[in-house]
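# A look at the structure
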Amino acid sequence: MASKDYYEILGVSKQATADEIKKHFRKLAVQFHPDRNQGDVKAEERFKEINEAYAVLSDPEKRKQYDTFGSAGFQQQFSQEDIFRNFNFSDVFSEMGMGGNDEILSRLFGR
């Protein structure tokens, strides 16, 4: 499994605040959202990475574990299911005015 730098994926520093992380996530999520990039496989993959990074860095406990164990150690300890547990995509995208994305998110993330 390739090592992932969630901070780099979102374009923030390791010292970024929760608000900075959210701001960068929103910008990237809108840019790479499947509705805006229909049929673009690279954009879809980037969208998945952005969501995974935000699911980890927006959760204080997951972020602490990620910072403690690093990318490789974190990914060995946490499955994709663990990463997205208790993360509500609908709420995040509703805040951004992008409601009705349950079908797209289910297709992308198998939920």
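Residues numbered from 1 in each chain as written. Predicted model: local features only at pLDDT ≥ 70, side-chain atom pairs only at ≥ 80, totals over all residues. Heavy atoms only, no water.

### A few points about the environment of Asp82
Position of Asp82 among the secondary structure elements: in helix H5 (residues 80–84). Classification of Asp82 by relative accessible area gives partly exposed; the value is 22%. When near neighbours in sequence (up to four residues on either side) are disregarded, Asp82 contacts Lys62 and Gln77. (Helix = DSSP H or I, 4+ residues; strand = E, 2+ residues; numbered from the N terminus. Buried < 20%, exposed > 50% of the residue type's maximum accessible area, 1.4 Å probe, protein only. Contact = heavy atoms within 4.5 Å.)

### Concerning the packing of helix H2 (residues 18–32) against helix H3 (residues 41–57)
The axes of two packed helices give the description: the angle between them and the distance between them. Axis separation between H2 and H3 bottoms out at 9 Å; the angle between their running directions is 160 degrees. With respect to H3, the element H2 is oriented roughly antiparallel. Crossing of H2 over H3 shows left-handed handedness. Between H2 and H3, the residues in contact are Ile21, Lys22, Phe25, Leu28, Ala29 and Phe32 and Ala43, Arg46, Phe47, Ile50, Asn51, Tyr54 and Leu57, respectively. (Axes fitted to C-alpha atoms, helices over the stretch in contact; angles between N-to-C directions. Parallel < 35°, antiparallel > 145°, perpendicular 65-115°, else oblique. Left-handed = near helix turned anticlockwise from the far one by under 90°.)

### Let's talk about the environment of Asn37
With respect to the element layout, Asn37 can be found in the loop between H2 and H3. A distance of 3.0 Å separates a polar side-chain atom of Asn37 from the backbone oxygen of His33. (Polar contact = N/O pair within 3.5 Å; in protein donor to acceptor, adjacent residues only side chain to side chain.)

### Topic: the nonpolar core
Residues Tyr6, Leu10 and Leu57 are the most contacted members of the largest nonpolar core, which totals 24 residues. For this core, the secondary-structure elements that each account for two or more residues are helix H1 (6–10), H2, H3, helix H4 (60–77) and H5. Here this core gets 8 residues from one element, more than from any other, and that element is H3. Residue contacts for Tyr6: discarding those within four places in its chain leaves Glu52, Ala53, Val56, Leu57, Tyr66, Phe74, Gln75 and Ile83. (Core = buried A, V, L, I, M, F, W, Y, C linked by side-chain atoms within 4.5 Å.)

### Quick look at H2
Along its 15 residues, H2 runs 21 Å from first to last C-alpha, staying within 8% of the 21 Å computed at 1.5 Å per residue. Looking only at H2, the buried set comprises Ile21, Phe25, Leu28, Ala29 and Phe32. Down the axis of H2, the sector holding all buried residues measures 105 degrees, keeping them to one side. Exposed residues lying more than 90 degrees from the buried face of H2 are Asp19, Lys23 and Lys27. (Expected span 1.5 Å × (residues − 1). Arc of directions from axis to C-beta.)

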